[in-house]
Amino acid sequence: MRTPLVAANWKMHKTVGEAAAYAHAFRALVAEVRDVEIVLAPPFTALHALAGALAGSGIGVAGQDLHAERQGAFTGEISAGMLRDAGAGYVIIGHSERRHLFGETDAEVGAKVRAATGARLVPIMCVGETLAERESNRTFEVLDRQLQAGLAGLAAAAGSLVVAYEPVWAIGTGRNATPEQAQEVHAHIRARLAGVLDESIARTRRILYGGSVKPGNVAALAAQPDVDGALVGGAGLDPGSFAEIVAGTRGLL
Ligand code: PGA
């Protein structure tokens, strides 16, 4: 009932030329895929060219961040409308690197989510606990706080929301959550979505797992009832391995 979604977050990797070469190779590899929504999140500089290179493929393009205001004196920032104008249909919000390296707060994440939905971009809102928070049994408390603030004031516009659970200790570390750990947290997130938004919205929202997703572990993760796809970093940089992750999500690996 929920179409799986698999997104590659390229972070600060790839030039315009490299993005176009990836698009060319990747389109061919996933040309037959109809049952998984696929999204690529390039750096801002490659967004427009990548959207052009993917035209007609059904593969979506995402920004990796945005500013909550529509326009103004915010040097270095990009608005939701600008992302749409450049060809994006999605935007990643509140990635742990934004939160931990750049000091983004829960309240800022919430403002960005509202800005995204206001511009008809699908927000992929990231939540996740650090290792210290997990080890002190604060995982659910941290997630509840992030969800509460991230979804504040969203109710009616939550129809397109995607949530990504990315335990910080699993990102880029090669140490992924087990399928059981992911399922436990995803079920908790879905229950919180029902509380903060409403039951019918919670049932239809995609909740992605992220953190060291690879071709070899994606099938077991995606087989969990509340895991609706993946947000992929390192393994999304190569078209071949990302295409394998798409196949694994479909249970074909
Ligand atoms: P990773 O990154 O797959 O390299 O662990 C995931 C992410 O940061 O979204």
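Residues numbered from 1 in each chain as written. Predicted model: local features only at pLDDT ≥ 70, side-chain atom pairs only at ≥ 80, totals over all residues. Heavy atoms only, no water.

## What to know about the overall build of the protein
- Helix and strand counts for the protein come out as 11 helices and 8 strands.
- Taking 2.2 N^0.38 as the reference for a compact globule, 253 residues should give roughly 18 Å; the C-alpha atoms of the protein span a radius of gyration of 17 Å, in line with that estimate.
- With the C-alpha coordinates aligned to their principal axes, the bounding extent of the protein is approximately 50 × 45 × 35 Å.
- Scored against the burial criterion, the 253 residues of the protein give a buried share of 53%.
- A sequence separation of at least 24 residues applies to 72% of the contacts in the protein between residues at least 6 apart.
- For the protein, the exposed area adds up to about 10800 Å²; of that, 54% sits on carbon and sulfur atoms. (Helix = DSSP H or I, 4+ residues; strand = E, 2+ residues; numbered from the N terminus. Rg over C-alpha atoms; globule rule 2.2 N^0.38 Å. Buried < 20%, exposed > 50% of the residue type's maximum accessible area, 1.4 Å probe, protein only. Contact = heavy atoms within 4.5 Å. Areas by Shrake-Rupley, 256 points an atom, 1.4 Å probe, with all protein chains shown as cover.)

## A look at the nonpolar core
- Among the nonpolar cores identified, the biggest contains 65 residues, and F26, L40, L193 and F242 are the most heavily contacted of them.
- Ignoring anything within four residues of it in the chain, the contact list for F242 reads V6, A7, A8, Y22, F26, I38, V39, L40, V232, A235 and G236.
- One finds V39, Y90, V162 and L231 within the second-largest nonpolar core, a separate group that totals 14 residues. (Core = buried A, V, L, I, M, F, W, Y, C linked by side-chain atoms within 4.5 Å.)

## Remarks on the pattern of salt bridges
- Within the structure shown, the criterion is met by 17 salt bridges.
- As a salt-bridge pair, R250 and D35 come within 2.7 Å of each other at their nearest N and O atoms. Highlighted residues: R250 in the segment after α11 (239-249) and D35 in the loop between α1 (16-29) and β2 (37-41), separated in sequence by 215 residues.
- Its relative accessible area of 30% is what places R250 among the partly exposed residues.
- For D35, a relative accessible area of 38% translates into the label partly exposed.
- When the shortest N-O distance is used, the salt bridge between R190 and D228 registers 2.8 Å. (Salt bridge = Lys/Arg side-chain N within 4 Å of Asp/Glu carboxyl O.)

## Some remarks on the packing of aromatic side chains
- For the coordinates displayed, the defined rule picks out 4 aromatic pairs.
- Judged by centre distance (5.6 Å) and plane angle (45°), the ring pair of Y22 and F26 falls under tilted. You can see Y22 and its partner F26 sitting in helix α1, 4 residues apart, about one turn around the helix. In terms of burial, Y22 and F26 fall into one category: buried.
- Both rings, one in F26 and one in F242, keep their centres 5.3 Å apart while their planes meet at 25°; by these two values the pair is stacked. Placement of F26 in helix α1 and of F242 in helix α11 is noted, with a sequence separation of 216 residues between them. When sorted by exposure, F26 lands in the same class as F242, which is buried.
- Counting every residue linked through ring pairs, the aromatic cluster contains W10, Y22, F26 and F242.
- Geometry around F102 places R98 over its ring, the cationic atom sitting 4.2 Å from the centre. (Phe/Tyr/Trp six-rings, centres within 6.5 Å; stacked < 30°, edge-to-face > 60°. Lys NZ or Arg CZ within 6 Å of the ring centre and 35° of its normal.)

## Remarks on the layout of surface pockets
- Of the voids in this model, the largest pocket is the one considered here, and its volume is about 470 Å³.
- Surrounding the largest pocket, 19 residues form its lining, K11, Q64, D65, R98 and F102 being those nearest its centre.
- Ranked by the residues each element gives to the lining of the largest pocket, the list is headed by helix α4 (residues 96-101), at 3 residues.
- Here the lining of the largest pocket is composed, by residue class, of 9 nonpolar, 5 polar and 5 charged. (1 Å grid on protein atoms, 1.4 Å probe; cavity = no way out; pocket = protein on both sides within 12 Å on 5 of 7 lines; lining within 4 Å. Points joined across faces, edges and corners; volume = space filled by probe spheres on them. Nonpolar A, V, L, I, M, F, W, Y, C, P; charged D, E, K, R; others polar.)

## Focus on helix α7 (residues 139-150)
- Taking 1.5 Å per residue, 12 residues should reach 16 Å; α7 reaches 16 Å between its end C-alpha atoms and fits that length.
- Among the residues of α7, T139, V142, L143, Q146, L147 and G150 are the ones counted as buried. Here the buried residues of α7 occupy an arc of 130° about the axis, which is enough to place them on one side.
- Looking at the buried side of α7, the elements it contacts are α4, α5 (106-118), β5 (122-127), α6 (131-135), β6 (162-165) and α8 (179-196). (Expected span 1.5 Å × (residues − 1). Arc of directions from axis to C-beta.)

## Observations concerning the site of the ligand
- Taken together, K11, H95, E166, A170, I171, G172, G211, S212, L231, V232, G233 and G234 form the complete shell of residues around the ligand.
- In this structure, H95 approaches the ligand through a side-chain N or O atom, which is 2.6 Å from an oxygen atom.
- Side-chain polar atom of E166 to an oxygen atom of the ligand: 2.7 Å apart, as the coordinates give it.
- Against a free-state accessible area of 280 Å², the protein chains account for coverage of 96% of the ligand.
- Given that more than half its atoms are within 2 Å of the pocket grid, the ligand belongs to the second largest pocket.
- For the shell around the ligand, the residue count by class is 4 nonpolar, 6 polar and 2 charged. (Near = heavy atom within 4 Å. Polar contact = N/O pair within 3.5 Å; in protein donor to acceptor, adjacent residues only side chain to side chain. Sits in = over half its atoms within 2 Å of the grid points.)

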